[in-house]
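Breakdown of the fold
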Amino acid sequence: MAWWVWIVGGVLLCLAEMATPGAFYLLFFGVAALVVGVLAWAGLVDTTWVQFLLFSVVSIASLVLFRRTLTERLNPDESATKINTLEGESATALEDIPAHGTGKVEVRGTGWNAVNKGDTLIEKGQACLVERVEGVSLWVRSA
């Protein structure tokens with residue numbers, strides 16, 4: 001494929017990214033097209049299948065390696081997950097949770113796996129306090 005097709009496609013993809021609300025997907029495809037265009041212009045990749053392979057590899061690698069970092073730097077308020085705001089919230093035990101054992105609790109109308117970090121049993125229906133969020137589990141203590 002001609003090098004200028006890759007350059008034009010890359011520029012169009014980058015422009016399309018600016019018209020979208022900051023998801024940062026098209027940008028990486030545009031940059032990959034520009035990279036392939038420059039390499040094709042320099043005569044380093046001539047065959048079309050190698051160009052498409054290189055485009056695919058550069059697109060996916062750059063998405064995986066750079067998208068999260070770019071999103072966090074440009075949208076710092078959105079990168080902080082709302083799940084961390086559960087710390088300090090009150091939860092209700094959906095089942096008995098033994099001391100240092102696991103069970104289920106409800107916070108804000110949603111069921112969660114919970115680890116009882118206290119030394120006493122948390123009974124079903126009892127209120128407890130969310131101390132920390134770790135993965136998809138809440139660490140709770142009797143309130």
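Below is a short write-up of the structure. Since the model is a prediction, treat every value here as computed from it, not as a measurement. (Residues numbered from 1 in each chain as written. Predicted model: local features only at pLDDT ≥ 70, side-chain atom pairs only at ≥ 80, totals over all residues. Heavy atoms only, no water.)

1. Brief notes about the sheet that holds strand β3 (residues 110–116)
Spatially, the five strands close up into a barrel ordered β1-β2-β3-β5-β4, and their pairing is mixed. Strand-to-strand, the axes of this sheet are offset by a mean angle of 55°, without reference to chain direction. Two elements, strand β1 (residues 90–93) and strand β2 (residues 102–107), share two bridges in a ladder whose sense is antiparallel. Each bridged residue has a counterpart across the sheet, and for Ala93 the counterpart in β2 is Val105. (Pairing = 2+ DSSP bridges. Helix = DSSP H or I, 4+ residues; strand = E, 2+ residues; numbered from the N terminus. Axes fitted to C-alpha atoms, helices over the stretch in contact; angles between N-to-C directions.)

2. Describing the pattern of salt bridges
Across all of its chains, the model carries three salt bridges by this definition. Across the pair Arg108 and Glu89 runs a salt bridge whose closest N-O atoms are separated by 3.3 Å. Within this pair, whereas Arg108 is found in the loop between β2 and β3, its partner Glu89 is found in the loop between α4 (76–79) and β1, the two being separated by 19 residues in sequence. For Glu89, a relative accessible area of 29% puts it in the partly exposed group. In this structure, the salt-bridge partner of Arg141 is Glu131, at a minimum N-O distance of 2.6 Å. With Arg141 in strand β5 (residues 137–142) and Glu131 in strand β4 (residues 127–134), this pair connects stretches of sequence that are ten residues apart. A residue is classified by how much of its surface remains accessible, and Glu131, at 37% relative accessible area, is partly exposed. (Salt bridge = Lys/Arg side-chain N within 4 Å of Asp/Glu carboxyl O. Buried < 20%, exposed > 50% of the residue type's maximum accessible area, 1.4 Å probe, protein only.)

3. Some remarks on the nonpolar core
Among the nonpolar cores identified, the biggest contains 14 residues, and Val105, Val107, Leu138 and Val140 are the most heavily contacted of them. Elements that contribute at least two residues to this core include exactly β1, β2, β3, β4 and β5. Ranked by residue count, the leading element in this core is β4, at three residues. If we ignore the near neighbours within four places in the chain, the residues touching Val105 are Ala91, Thr92, Ala93, Leu94, Ile97, Thr110, Gly111, Trp112, Ala114, Cys128 and Leu138. One finds Trp6, Ala32, Ala33 and Val36 within the second-largest nonpolar core, a separate group that totals five residues. (Core = buried A, V, L, I, M, F, W, Y, C linked by side-chain atoms within 4.5 Å. Contact = heavy atoms within 4.5 Å.)

4. Observations concerning the packing of aromatic side chains
Inspection of every chain in the model, using the stated rule, returns three aromatic pairs. Centre to centre, the rings of Trp6 and Phe55 are 5.4 Å apart; their planes meet at 45°, and the pair counts as tilted. Pair noted here: Trp6 is in helix α1 (residues 3–19) and Phe55 is in helix α3 (residues 48–74), with a separation of 49 residues, a long-range link. Ring geometry for Phe29 versus Phe55: centroids 6.2 Å apart, planes at 45°, classification tilted. One end of the pair, Phe29, is in helix α2 (residues 26–41); the other, Phe55, is in helix α3, with 26 residues separating them in the sequence. Phe29 gets classed as partly exposed once you look at its relative accessible area, which sits at 29%. Residue class for Phe55 comes out buried when judged on its relative accessible area of 17%. (Phe/Tyr/Trp six-rings, centres within 6.5 Å; stacked < 30°, edge-to-face > 60°.)

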